[in-house]
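# Chain and residue survey
Here's the letter readout for the chains.
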Amino acid sequence: RKKVTIGTLRAMHKRGEPITMITAHDFPSAHVADAAGMDMVLVGDSLAMVALGMEDTSEVLLEEMLLHCRSVARATRAAFTVGDLPMGSYEIAPEQALETAIRFVKEGRMQGVKLEGGKEMAPTIAKITQAGIPVLGHVGLTPQRQNALGGFRVQGKTSDGAMKVLEDALAIQEAGCFAMVLEAVPAEVASIITEKLSVPTIGIGAGNGCSGQVLVQVDMTGNFPPGRFLPKFVKKYGDVWSESLRAIETYRDEVKSRQYPAPEHTYPIPKDQLEAFAE
Ligand code: KIV
Ligand code: NA
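None of these values were measured; they are calculated from a predicted model.

Taking strand neighbours around the barrel as the criterion, the 8 strands line up as β1-β2-β3-β4-β5-β6-β7-β8 in a closed arrangement whose pairing is parallel. Sheet twist, expressed as the mean angle between neighbouring strand axes with direction ignored, is 25°. Here 4 bridges tie strand β1 (residues 19-23) to strand β8 (residues 212-215), and the two strands are oriented parallel to one another. Each residue of the ladder has a partner; that of T20, found in β8, is Q213.

As structure tokens, then:
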């Protein structure tokens with residue numbers, strides 16, 4: 001498979017081919033995403049919850065994001081890689097954001113960065129893109145601002161709310177982002193916004209009218225214990241948790257019953273050597 005570049009993504013968008021994106025947080029999860037033909041792989045700050053067991057994304061540190069980005073980059077051959085700027089690493093000033101974005105490229109080995117926010121982040125997006133680092137925007141529901149938004153709520157459910165999302169999208173497009181995530185907005189609103197933009201929208205909980213889709217890998221592969229809350233928009237395509245559980249339980253049983261390891265799992269020693277040793 002050929003390496004996906006900004007040019008590849010632009011061409012896909014132009015011919016109306018949906019862009020596929022999934023999160024990865026380490027070497028194996030990036031490896032399988034790349035092997036499955038994803039166009040883009042995102043090291044989302046959702047890794048705070050799905051890989052590090054934190055309560056929300058505000059807890060994850062820049063250094064932790066960079067460590068995970070490096071491991072993802074080592075496994076990603078073809079997909080375009082994007083690293084999520086964590087809360088606190090980009091909001092203070094465009095200069096701070098650029099410094100962080102440079103670390104994502106140099107240390108995290110990412111090809112692009114993602115950051116949350118609309119109009120107010122336009123100067124920051126311009127600063128980073130002008131330095132030659134592609135920026136993926138993120139508007140609609142922006143989870144890093146959950147405390148200000150009053151929780152994880154659908155955005156753009158009123159005409160004023162929808163207008164705000166559209167204005168944010170237009171502003172960050174103008175600032176130079178190559179695409180943007182549209183999270184948790186009504187499908188019709190996402191479709192209209194997508195039509196009004198010249199850059200692709202990557203939807204999550206934003207319906208089928210976006211230019212592409214993104215999902216969190218552990219959610220869509222079902223790699224979590226039963227009973228965990230899943231947002232409405234997640235489709236569970238697999239049951240990785242059950243398969244892992246089955247394998248590890250079988251291993252446990254076979255060790256307890258001495259069925260494992262069997263002769264084929266052991267190393268031989270020549271008979272004369274064994275006799276000399278055993279004497
Ligand atoms: O952190 C993340 O995984 C994300 C995607 C869901 C867009 O931001
Ligand atoms: Na994120």
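To continue, consider the site of ligand 1. Around ligand 1, the neighbouring residues are T23, L42, G44, D45, S46, D84, K114, H138, I204 and V216. A distance of 3.2 Å is found between an oxygen atom of ligand 1 and a side-chain nitrogen or oxygen belonging to D84. In this structure, an oxygen atom belonging to ligand 1 sits 3.1 Å away from a side-chain N or O atom of K114. Protein burial of ligand 1: of its 260 Å² of free accessible surface, 93% is covered by the chains. In the shell around ligand 1, the residues fall into 3 nonpolar, 4 polar and 3 charged.

Glancing now at the coordination of the sodium ion (ligand 2). Ideal geometry at a metal centre: 109.5 degrees between donors when four sit tetrahedrally, and 90 or 180 degrees when six sit octahedrally. Around the sodium ion (ligand 2), the protein contributes the donor atoms D45 (OD) and D84 (OD), which lie 2.3 Å from the metal centre. Pair noted here: D45 is in the loop between β2 (40-43) and α3 (47-50) and D84 is in strand β3 (residues 80-84), with a separation of 39 residues, a long-range link. Side by side, D45 and D84 carry an identical accessibility label, which is buried.

Turning our attention to the pattern of salt bridges. Throughout the structure, instances matching the rule amount to 12 salt bridges. With its nearest N and O atoms 2.9 Å apart, the salt bridge here joins D84 to K114. Of this pair, D84 sits in strand β3 while K114 is found in strand β4 (residues 112-114), placing the two residues 30 residues apart along the sequence. Both residues of the pair, D84 and K114, belong to the buried class. With a shortest N-O distance of 2.8 Å, R103 and E107 are connected by a salt bridge.

Let us now look at the packing of helix α8 (residues 159-175) against helix α9 (residues 187-196). Taken N-terminus to C-terminus, the directions of α8 and α9 make an angle of 30°; their axes are 10 Å apart at the nearest point. What the angle tells us is that α8 and α9 run roughly parallel. When you trace α8 past α9, the crossing you get is right-handed. Of α9, the residues touching α8 (which contributes A162, V165, L166, A169 and L170) are V189, I193 and K196. Looking at side-chain class alone, the contact of α8 with α9 contains 7 nonpolar, no polar and 1 charged residues.

Attention now goes to the pairing of β1. The buried fraction of β1 amounts to 4 of the 5 residues, a majority that puts the element mostly inside the structure. In the sheet, β1 pairs with β2 via 3 bridges, with the strands oriented parallel. Bridge assignment links M21 to a residue of β2, and that residue is M40. Regarding topology, helix α2 (residues 27-35) serves as the crossover connection from β1 to the parallel β2, and that connection is right-handed.

This paragraph deals with helix α11 (residues 240-256). For α11, with 17 residues, the first-to-last C-alpha span of 24 Å sits near the 24 Å given by 1.5 Å per residue. Looking one or two residues beyond α11, the residue adopting positive phi is R258, at roughly 55°.

Let us now look at the side chain of Q96. Within the secondary structure layout, Q96 lies in helix α5 (residues 94-106). At a separation of 3.4 Å, a polar atom in the side chain of Q96 contacts the main-chain amide nitrogen of Y90. Ignoring sequence-local partners within four residues, the contact set of Q96 consists of G88, S89, Y90 and E91.

Once that is clear, we can look at unusual backbone geometry. Across the junction of Y260 and P261, the peptide omega takes the value 0°, indicating a cis bond. Here P261 lies in the loop between α11 and α12 (271-278). You will see that R109, though not glycine, has its phi angle at about 60°, which is positive. Residue placement: R109 occurs in the loop between α5 and β4. One non-glycine residue with positive phi stands out, namely A184, at about 50°. Within the secondary structure, A184 sits in the loop between β6 (179-183) and α9. The exposure class assigned to A184 is buried, which follows from its relative accessible area of 7%.

About the criteria used
- Residues numbered from 1 in each chain as written.
- Chains lettered and ligands numbered in written order.
- Predicted model: local features only at pLDDT ≥ 70, side-chain atom pairs only at ≥ 80, totals over all residues.
- Heavy atoms only, no water.
- Pairing = 2+ DSSP bridges.
- Helix = DSSP H or I, 4+ residues; strand = E, 2+ residues; numbered from the N terminus.
- Axes fitted to C-alpha atoms, helices over the stretch in contact; angles between N-to-C directions.
- Near = heavy atom within 4 Å.
- Polar contact = N/O pair within 3.5 Å; in protein donor to acceptor, adjacent residues only side chain to side chain.
- Areas by Shrake-Rupley, 256 points an atom, 1.4 Å probe, with all protein chains shown as cover.
- Nonpolar A, V, L, I, M, F, W, Y, C, P; charged D, E, K, R; others polar.
- Donors = N, O, S within 2.8 Å, 3.2 Å for Na, K, Ca; no water.
- Buried < 20%, exposed > 50% of the residue type's maximum accessible area, 1.4 Å probe, protein only.
- Salt bridge = Lys/Arg side-chain N within 4 Å of Asp/Glu carboxyl O.
- Parallel < 35°, antiparallel > 145°, perpendicular 65-115°, else oblique.
- Left-handed = near helix turned anticlockwise from the far one by under 90°.
- Contact = heavy atoms within 4.5 Å.
- Right-handed = clockwise from strand over helix to strand, strands pointing away.
- Expected span 1.5 Å × (residues − 1).

Geometry only, nothing functional implied.
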